[in-house]
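Coordinates in review
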Amino acid sequence: MLKIIVKDGENIERALKRYKRKHRNIKVMQNLRDGQFFTKPSVKRRRQVQKAAYIQGLRDQEDI
């Protein structure tokens, strides 16, 4: 569970911004979406390999 302690004199907008940042960083929504449907381990591995190849391609382009 996320806890955001609002400090004395802190604007509620700023506290909300901190909450949203923490929420995004721990990937709450992504984990919920991933858990909705079962994905086969082979499909997970294939996606990881595709993602790694894509990122490697981007890094190779930077070097050129």
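Residues numbered from 1 in each chain as written. Predicted model: local features only at pLDDT ≥ 70, side-chain atom pairs only at ≥ 80, totals over all residues. Heavy atoms only, no water.

Within the protein one finds 3 helices and 0 strands. The order of helices and strands in the protein, counted from the N terminus, is α-α-α. In summary, the protein has a C-alpha radius of gyration of 19 Å against a globular reference of 11 Å for 64 residues, an excess of more than 25%. Principal-axis analysis of the C-alpha atoms places the extent of the protein at approximately 50 × 40 × 10 Å. With 64 residues in all, the protein has 3% of them scored as buried. For the protein, the exposed surface amounts to about 6600 Å²; the carbon and sulfur share of it is 54%. (Helix = DSSP H or I, 4+ residues; strand = E, 2+ residues; numbered from the N terminus. Rg over C-alpha atoms; globule rule 2.2 N^0.38 Å. Buried < 20%, exposed > 50% of the residue type's maximum accessible area, 1.4 Å probe, protein only. Areas by Shrake-Rupley, 256 points an atom, 1.4 Å probe, with all protein chains shown as cover.)

Considering only enclosed or pocket space, the largest pocket measures out at about 190 Å³ in volume. Together, Gln30, Asp34, Phe37, Thr39, Lys44 and Arg47 line the largest pocket. Elements with a minimum of two residues in the lining of the largest pocket: helix H2 (28-34) and helix H3 (41-63). (1 Å grid on protein atoms, 1.4 Å probe; cavity = no way out; pocket = protein on both sides within 12 Å on 5 of 7 lines; lining within 4 Å. Points joined across faces, edges and corners; volume = space filled by probe spheres on them.)

Overall, the coordinates contain 1 salt bridge when judged by the stated rule. With a shortest N-O distance of 3.2 Å, Arg18 and Glu10 are connected by a salt bridge. Arg18 sits in the partly exposed class, given a relative accessible area of 22%. Given the relative accessible area of 18%, Glu10 is considered buried. (Salt bridge = Lys/Arg side-chain N within 4 Å of Asp/Glu carboxyl O.)

Turning our eyes to something else, we now look at helix H1 (residues 12-25). In a regular helix each residue adds 1.5 Å, so 14 residues correspond to 20 Å; H1 covers 20 Å between its end C-alpha atoms and thus fits that length. Across the 14 residues that make up H1, only a small minority, 1, are buried. (Expected span 1.5 Å × (residues − 1).)

Residue-level pLDDT values for the protein average 91, and 100% of them are 70 or greater. When mean pLDDT is taken per element in the protein, H3 scores highest with 95 and H2 scores lowest with 86. (pLDDT = per-residue confidence, 0-100.)

Now for a positive patch on the surface. The grouping of Lys7, Arg14, Lys17, Arg21 and Arg24 at the surface amounts to a positive patch. The topology assignment puts Arg24 in helix H1. (Patch = residues over 30% accessible without salt bridge, like charges linked within 9 Å, V, L, I, M, F, W, Y side chains within 5 Å. Lys, Arg positive; Asp, Glu negative; His and termini not counted. Charge placed at Lys NZ, Arg CZ, Asp CG, Glu CD.)

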